[in-house]
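Spelled out, the chains give:
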Amino acid sequence: MKELTKREKKIRRHRRVRAKIKGTIECPRLCVFRSNQHIYAQIIDDEKGKTLFACSDKEIKAKPSTIKTNTDTNEKEKIVKTAQVAIAYEVGKLIAEKMLEKKIKKIVFDRGGYKYHGKIKALAEGARDAGLIF
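From a predicted model like this one, the values you see are computed outputs, not experimental measurements.

About the cut-offs
Residues numbered from 1 in each chain as written. Predicted model: local features only at pLDDT ≥ 70, side-chain atom pairs only at ≥ 80, totals over all residues. Heavy atoms only, no water. Pairing = 2+ DSSP bridges. Helix = DSSP H or I, 4+ residues; strand = E, 2+ residues; numbered from the N terminus. Expected span 1.5 Å × (residues − 1). Axes fitted to C-alpha atoms, helices over the stretch in contact; angles between N-to-C directions. Contact = heavy atoms within 4.5 Å. Salt bridge = Lys/Arg side-chain N within 4 Å of Asp/Glu carboxyl O. Buried < 20%, exposed > 50% of the residue type's maximum accessible area, 1.4 Å probe, protein only. 1 Å grid on protein atoms, 1.4 Å probe; cavity = no way out; pocket = protein on both sides within 12 Å on 5 of 7 lines; lining within 4 Å. Points joined across faces, edges and corners; volume = space filled by probe spheres on them. Left-handed = near helix turned anticlockwise from the far one by under 90°. Nonpolar A, V, L, I, M, F, W, Y, C, P; charged D, E, K, R; others polar.

1. So, the pairing of strand β3 (residues 50-56)
Here's step 1: Both strand β2 (residues 39-45) and β3 contribute to a ladder of 6 bridges, which runs antiparallel. For A41, the partnering residue across the bridge sits in β3 and is C55.
Here's step 2: Between β2 and β3, which pair antiparallel one after the other, the connecting turn spans 4 residues, and G49 there sits at a positive phi close to 70 degrees.

As structure tokens, this is what we get:
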């Protein structure tokens with residue numbers, strides 16, 4: 001059997017995710033693209049095939065170096081996220097603020113074939129913390 005490359009595995013995951021997800025005007029799709037240096041998020045209406053909003057880490061004015069988050073309800077343990085994860089969190093908050101201005105609260109999350117951890121997870125958490133419902 002042929003061993004699959006990382007790219008081929010990502011493409012298969014992306015096809016599997018997109019087969020189950022479709023965005024509407026009431027509940028659009030939050031699509032994530034991650035490169036080595038930047039992270040991008042788009043809000044897409046699949047019925048019309050149009051991008052409603054787009055956001056990236058290039059739009060963030062003051063880029064955080066780290067972010068501290070609580071893992072316990074006791075607030076004893078703190079996790080310090082790296083700079084790239086902190087920036088992804090801020091991109092999630094920024095895209096959520098744009099959505100809430102247009103009074104759209106529910107979305108469908110499209111991780112784009114990426115595994116749900118690191119920058120992708122941070123972007124989703126940032127959007128949830130800002131008020132979006134997945």
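2. Some remarks on helix α2 (residues 83-101)
Here's step 1: Taking 1.5 Å as the rise per residue, α2 with 19 residues should run 27 Å; its terminal C-alpha atoms sit 27 Å apart, in good agreement.
Here's step 2: After α2 finishes, the residue K103 shows a positive phi value of roughly 60 degrees.

3. Let's talk about the sheet that holds β2
Here's step 1: If you trace the 4 strands from one edge of the open sheet to the other, you get β3-β2-β1-β6, paired in mixed fashion. Sheet topology places β3 and β6 (108-110) at the edges, where each strand pairs with a single neighbour. When strand polarity is set aside, the average angle formed by the axes of neighbouring strands in this sheet is 20 degrees.
Here's step 2: Here α2 sits on the sheet in contact with β1 (29-34), β2 and β3, set at roughly 140 degrees to β3.

4. Observations concerning the pattern of salt bridges
Here's step 1: Taken as a whole, this structure holds 5 salt bridges when the rule is applied.
Here's step 2: Note that E8 is salt-bridged to K2, the shortest N-O span being 3.3 Å.
Here's step 3: The closest approach of N and O atoms between R29 and D46, which form a salt bridge, is 2.9 Å. Of this pair, R29 sits in strand β1 while D46 sits in the loop between β2 and β3, placing them 17 residues apart in sequence. Both residues of the pair, R29 and D46, belong to the buried class.
Here's step 4: One salt-bridge network, held together by shared partners, links R18, R29, D46 and D110.

5. Details of the layout of surface pockets
Rolled over the atoms, a probe as big as a water molecule pinpoints where empty space is left.
Here's step 1: Considering only enclosed or pocket space, the largest pocket measures out at about 420 Å³ in volume.
Here's step 2: Lining the largest pocket we find 14 residues, and of these K6, R13, R34, Y114 and K115 sit closest to its centre.
Here's step 3: Within the residue set of the lining of the largest pocket, elements represented by two or more residues are α1 (6-20) and α3 (119-130).

6. Things to note about the packing of α2 against α3
Here's step 1: Running from amino to carboxyl end, α2 crosses α3 at an angle of 40 degrees, the nearest separation of the two axes being 7 Å. Considering how the two elements wind past one another, α2 and α3 form a crossing that is right-handed. Of the residues in α3, those in contact with Q84, V85, A88, Y89, V91, G92, K93, A96 and L100 of α2 are K119, A122, L123, E125, G126, A127, D129 and A130.
Here's step 2: Here the contact of α2 with α3 is built from residues that sort into 10 nonpolar, 3 polar and 4 charged.

7. A look at the pairing of β2
Here's step 1: Of all 7 residues in β2, 5 are buried; the element is thus mostly enclosed.
Here's step 2: Here 6 bridges tie β1 to β2, and the two strands are oriented antiparallel to one another. Counted as the bridge partner of R34 is I39 from β2.
Here's step 3: The antiparallel pairing of β1 with β2 creates a hairpin that spans 4 residues between the two strands.

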